[in-house]
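For reference, the chains in residue letters:
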Amino acid sequence: MSTRKQHIAQVALHLFGEKGYENTSTQLIAKAAGVSEALIFKHFGSKDQLLEFVVKNGYKRIIEDNRGGLNEPDPLTFIHSVIELPYKLVKDEPFFWKLQYRLADSEMARQQHERFMRPVPALLRQAFGRLGYPDPEKEAKLLLILVEALWKIEANKTDENVREMLDFIKQKYQTQ
């Protein structure tokens with residue numbers, strides 16, 4: 001991929017995250033990236049295709065950066081790493097997660113998020129089962145609801161106590 005294309009995508013990610021997709025024109029992206037608007041269309045075809053590229057590329061980066069995290073053999077360490085996920089991911093990619101929050105109604109963004117999260121519920125059920133929890137299915141669902149809420153809070157910086165809440169949740173999940 002060309003460096004210019006990467007640069008345009010990075011600028012678009014920041015602007016989409018800060019201003020929202022609807023409030024960010026290709027003209028604004030071009031100006032901020034120091035390129036012509038025509039070059040954006042040459043590389044991406046349309047603003048929608050640029051957004052799709054930004055979202056898919058973001059998940060690709062995140063998966064590569066967190067490779068191996070799902071292979072944690074110790075069930076409690078795995079559960080705690082899932083609890084830490086919102087804080088870590090938002091810290092590493094703040095504009096991406098803010099954009100994901102803004103795209104809550106987008107089918108494309110939702111599909112990418114579901115693909116990203118697909119293996120986690122089964123792995124959590126297995127981890128809770130290995131730790132002796134009586135209902136691993138419900139524990140996994142509850143934890144995923146908490147994680148989902150916390151990444152949204154962290155991405156929008158609506159609560160300064162996310163770190164404290166993550167530690168509190170980790171204390172709740174121990175060996176049974």
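Residues numbered from 1 in each chain as written. Predicted model: local features only at pLDDT ≥ 70, side-chain atom pairs only at ≥ 80, totals over all residues. Heavy atoms only, no water.

(A) Structural view of the overall build of the protein chain. Counting its secondary structure elements, the protein chain contains ten helices and zero strands. N-terminal to C-terminal, the α/β element order of the protein chain is α-α-α-α-α-α-α-α-α-α. Overall, the protein chain is about 60 × 30 × 25 Å in size when its C-alpha atoms are taken along their principal axes. By residue count, 41% of the 176 residues in the protein chain fall in the buried class. Total accessible area on the protein chain is roughly 10,000 Å²; 52% of this is exposed by carbon and sulfur atoms. The average position of the 26 basic charges and that of the 24 acidic charges among the side chains of the protein chain differ by 5 Å. (Helix = DSSP H or I, 4+ residues; strand = E, 2+ residues; numbered from the N terminus. Buried < 20%, exposed > 50% of the residue type's maximum accessible area, 1.4 Å probe, protein only. Areas by Shrake-Rupley, 256 points an atom, 1.4 Å probe, with all protein chains shown as cover. Lys, Arg positive; Asp, Glu negative; His and termini not counted. Charge placed at Lys NZ, Arg CZ, Asp CG, Glu CD.)

(B) Here's a closer look at the nonpolar core. Within the largest apolar cluster, 54 residues are counted, with the highest numbers of intra-cluster contacts made by Ile29, Ile79, Trp97, Leu124 and Leu143. With eight residues, helix H5 (residues 75–92) is the largest single contributor of residues to this core. Not counting chain neighbours up to four residues away, the residues in contact with isoleucine 79 comprise Leu124, Ala127, Phe128, Leu131, Leu143 and Tyr173. (Core = buried A, V, L, I, M, F, W, Y, C linked by side-chain atoms within 4.5 Å. Contact = heavy atoms within 4.5 Å.)

(C) Quick look at the packing of helix H1 (residues 3–19) against helix H3 (residues 37–44). Closest axis-to-axis distance for the H1/H3 pair is 10 Å, and the angle between their directions is 105 degrees. Comparing their axes, H3 and H1 come out roughly perpendicular. Contacts from Arg4, Lys5, Ile8 and Ala9 of H1 reach H3 at Leu39, Ile40, His43 and Phe44. Across the contact of H1 with H3, the residue classes break down as five nonpolar, one polar and two charged. (Axes fitted to C-alpha atoms, helices over the stretch in contact; angles between N-to-C directions. Parallel < 35°, antiparallel > 145°, perpendicular 65-115°, else oblique. Nonpolar A, V, L, I, M, F, W, Y, C, P; charged D, E, K, R; others polar.)

(D) Examining helix H10 (residues 162–172) more closely. Every buried residue belonging to H10 is among Val162, Leu166 and Ile169, and all of these are buried. Summarising the axial view, the buried residues of H10 lie within an arc of 65 degrees, below the 170-degree limit, and thus occupy one face. The exposed residues of H10 that point more than 90 degrees off its buried face are Glu164 and Gln171. Among the structural elements, H5 and helix H9 (136–156) are those in contact with the buried residues of H10. (Arc of directions from axis to C-beta.)

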